[in-house]
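# Observations on the model geometry
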Amino acid sequence: METVLVVVAHPDDEVLGCGGTMAKHGANGDKVHTLILADGFSARLGGASRHTNALRAAETLGGEPPQFLDLPDNRLDTLPLLNVVKLVEGVVETLKPTIVYTHHGGDLNVDHRITHQAVMTACRPLPGSSVTAIYSFEVASSTELSLSQTFQPTHFVDIDLYLETKLDALACYEDEMRCFPHSRSLRAVEALAHWRGASVGVEAAESFEILRQIA
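The present account deals with the structure reproduced in this document.

Parameters and conventions
Residues numbered from 1 in each chain as written. Predicted model: local features only at pLDDT ≥ 70, side-chain atom pairs only at ≥ 80, totals over all residues. Heavy atoms only, no water. Helix = DSSP H or I, 4+ residues; strand = E, 2+ residues; numbered from the N terminus. Contact = heavy atoms within 4.5 Å. Polar contact = N/O pair within 3.5 Å; in protein donor to acceptor, adjacent residues only side chain to side chain. Buried < 20%, exposed > 50% of the residue type's maximum accessible area, 1.4 Å probe, protein only. Lys, Arg positive; Asp, Glu negative; His and termini not counted. Salt bridge = Lys/Arg side-chain N within 4 Å of Asp/Glu carboxyl O. 1 Å grid on protein atoms, 1.4 Å probe; cavity = no way out; pocket = protein on both sides within 12 Å on 5 of 7 lines; lining within 4 Å. Points joined across faces, edges and corners; volume = space filled by probe spheres on them. Nonpolar A, V, L, I, M, F, W, Y, C, P; charged D, E, K, R; others polar. Pairing = 2+ DSSP bridges. Axes fitted to C-alpha atoms, helices over the stretch in contact; angles between N-to-C directions.

### Examining the environment of H182
Residue placement: H182 occurs in the loop between α5 (163-171) and α6 (186-198). In this structure the C-alpha to C-alpha distance between H182 and S141, which are 41 residues apart in sequence, comes to 8.0 Å. Sequence-distant contacts of H182, defined by excluding residues within four places in its chain, comprise S141 and A188. Within the structure, the side chain of H182 is placed 2.9 Å from the backbone nitrogen of R184, a separation counted as a polar contact.

Set out below in structure tokens:
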């Protein structure tokens, strides 16, 4: 049994990035934890229910209730990186995950980039570390808008049996979703899953960059 930790900037990033993979881990008997760094609503109006939405999404995916750090939304770059790292380190030390998923380092959203940096620092390779694999995922409406670093997936997870579960979990974040042809729409997310699947010969997949993997 694996202990999985998904570290994201905002509520809904976890489902967009790896919701199908989270559901698959849960179905396989793995413990799936989510750490959400930013509050996800201080930079916008009417978002105070996102904690509730995240709890519902985690339940839909078969994961543990998320942990919330409630750091300032879209302002993680105003905090000392060391402070963010230490918060993530504390969770890693407590949960001792074997597999970690987080944001792509080149995402347009600054909170995503800071989250990526914090995870890579908190999970730096040290003797006795529990972490044997770190993967970065793509988040619609941020990763494809990368300013400097193109997402180049090297690891694919077949989520054909879990795509509907992912879409059901995204429905928990109805206020965050948009109408097609916006990339953050249910139709676009489903299309991306089928495209990533077709690129490796399966019906639906989520794709990742391998940041570290110990065989």
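Okay, back to it.
### Concerning the side chain of E209
Structurally, E209 can be placed in strand β7 (residues 205-213). Despite its burial, E209 pairs with no opposite charge, the nearest such side chain being R196 at 8.6 Å. A polar side-chain atom of E209 sits 2.6 Å from the main-chain amide nitrogen of Q152.

### Regarding empty space enclosed by the protein
Picture a little ball the size of a water molecule; that probe, rolled over the atoms, points out where space is still empty. For the coordinates displayed, the defined rule picks out one cavity of 30 Å³ or more. In this structure, the largest cavity occupies an estimated 130 Å³ of space. As for the largest cavity, its lining consists of 13 residues, and the residues nearest its centre are L16, E138, K166, L192 and E206. Classifying every residue of the lining of the largest cavity by side-chain character gives six nonpolar, three polar and four charged.

### Focus: the sheet that holds strand β5 (residues 133-137)
The strand order across the open sheet built from seven strands is β3-β2-β1-β4-β5-β7-β6, with neighbouring strands paired in mixed fashion. In the strand order of this sheet, the two ends are held by β3 (67-71) and β6 (155-158), each with one partner. On average, each strand axis in the sheet is inclined to that of its neighbour by 25 degrees, with strand direction left out of account. Of the strand pairs in this sheet, β5 and β7 are connected by five bridges, and their pairing is antiparallel. Of the residues in β7, the one forming a bridge with F137 is F208.

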